[in-house]
Amino acid sequence: MLKDNFNRVINYLRISITDRCNLRCRYCVNENLQFKKHDEILTYEEIIRFVKLCANLGIKKVRLTGGEPLVRKNISYLIEEINKIEGIEDIALTTNGVFLGEKVTELKQAGLKRVNISLDSLKKDRYEFITGVDAINDVFTGIKRSIEEGLYPIKINTVIIKGFNDDEIIDFASLAMKWDIHVRFIEFMPFGDPDLWGPSKIVTSKKVEEVIRTVFDLEPTVNQHKGPAKMFKIKGGKGEVGFISPMSTHICSECNRIRLTSDGMIMPCLFSDTEYDVKKLIRENASNEEIMAFIKGVIKEKPQRKYELGQIKKCQRSLRNIGG
Ligand code: SAM
């Protein structure tokens, strides 16, 4: 079992498999958009080896993210191979859903268990304004097809940003009234341009919950995936709503994860720029034991908490590079 210096069990690995994305979400992508060169990105074989070593150490859950993971070719092969690794009990995907409709069957057959779909507006024109692409119908198709394929629970992640989409909170919550899905409201993290996307854009989870409670009755429920989301059933409804509050609460005490960036850096904490180059070790033919010792060392570098509430630690990498 992998534990950090604060006795937290680390059993969850989030892997950004690409820094490329088919969307250009205004708050996620900055103007000097540069992609890593292909040979800087970990190959699938390197990722699979890394996951095997992490599984030996006690990692049980893997989430594939990006950029947009579904823009990388042959992701089903990667899912299939990770699914074969002893000790890995859960493989999930975080996607913008645009290509999900056409791929979900093969992803499910490859062993994908769950999918989180990011969607920041239900309005066609606003979705296009936020993401730069007129693709909302593809995302709806992706959600529908994922439900048909029995990926359960379908989680919709929406980042509520003041003056941007905070007038759609009830519309999003209504999805969980009508459908057996989990709608999670994520607090905006002002990592980008402070003039455009600064802390003033944050809508706290408390505020979002207040707005929802003006229309719906919420009953606390258990988050069966033990993630950072505080979950509620909607009384009389089929689904759940959840709140992920990285800016207004400390979700650090239950932190159970490490991140691997697409260019092979291990990040012990989302809110820190500290990262450790495991790609170098892998490419310099380090032994499995050396790499496992390195991973254990990085886990020991996990901070108890990296920032004070309200203090904005600007990360050098945008979330596009980290994967959320
Ligand atoms: N492309 C995939 C997707 O859209 O889910 C995975 C990568 S994307 C970076 C992962 C998540 O990060 C998305 O839900 C996105 O909305 C969220 N995100 C990006 N920038 C963010 C920010 N500044 N604050 C909060 N969430 C952010």
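Fair warning: this is a prediction, and the values are worked out from it, not measured in the lab.

1. Section: the overall build of the chain
Reasoning step 1: Across its full length, the chain carries 10 helices and 12 strands.
Reasoning step 2: Scaling as 2.2 N^0.38, a compact globule of 324 residues should have a C-alpha radius of gyration of about 20 Å, and the chain matches this with 19 Å.
Reasoning step 3: In terms of overall dimensions, the chain has a C-alpha envelope of 55 × 45 × 40 Å along the principal axes.
Reasoning step 4: Each of the 324 residues in the chain was classed as buried or not, and the buried ones make up 55%.
Reasoning step 5: As displayed, the chain has an accessible area near 14300 Å², and 51% of this comes from carbon and sulfur atoms.

2. Structural notes on the side chain of Glu-81
Reasoning step 1: Summarising the element assignment, Glu-81 is placed in helix H2 (residues 75–84).
Reasoning step 2: Within polar-contact distance, the side chain of Glu-81 engages the side chain of Lys-84 at 2.7 Å.

3. Considerations on the nonpolar core
Reasoning step 1: One finds Leu-64, Phe-185, Val-241 and Ile-295 to be the most contacted residues of the largest nonpolar core, which totals 94 residues.
Reasoning step 2: Here this core takes nine residues from helix H1 (residues 44–57), the largest share from any one element.
Reasoning step 3: Discounting chain neighbours no more than four positions away, the residues touching Val-241 are Ala-173, Ala-176, Val-183, Phe-185, Leu-218, Lys-230, Met-231, Phe-232 and Ile-234.

4. Considering the site of the ligand
Reasoning step 1: In the neighbourhood of the ligand, 16 residues make up the surrounding shell, with Tyr-27, Gly-67, Glu-68, Ser-118 and Met-189 lying closest.
Reasoning step 2: Glu-68 places a side-chain nitrogen or oxygen 3.0 Å from a nitrogen atom of the ligand.
Reasoning step 3: A distance of 2.5 Å is found between an oxygen atom of the ligand and a side-chain nitrogen or oxygen belonging to Ser-118.
Reasoning step 4: Burial of the ligand by the protein amounts to 92% of the accessible area it has alone, namely 540 Å².
Reasoning step 5: In the shell around the ligand, the residues fall into six nonpolar, eight polar and two charged.

Parameters at a glance
Residues numbered from 1 in each chain as written. Predicted model: local features only at pLDDT ≥ 70, side-chain atom pairs only at ≥ 80, totals over all residues. Heavy atoms only, no water. Helix = DSSP H or I, 4+ residues; strand = E, 2+ residues; numbered from the N terminus. Rg over C-alpha atoms; globule rule 2.2 N^0.38 Å. Buried < 20%, exposed > 50% of the residue type's maximum accessible area, 1.4 Å probe, protein only. Areas by Shrake-Rupley, 256 points an atom, 1.4 Å probe, with all protein chains shown as cover. Polar contact = N/O pair within 3.5 Å; in protein donor to acceptor, adjacent residues only side chain to side chain. Core = buried A, V, L, I, M, F, W, Y, C linked by side-chain atoms within 4.5 Å. Contact = heavy atoms within 4.5 Å. Near = heavy atom within 4 Å. Nonpolar A, V, L, I, M, F, W, Y, C, P; charged D, E, K, R; others polar.

Geometry only, nothing functional implied.
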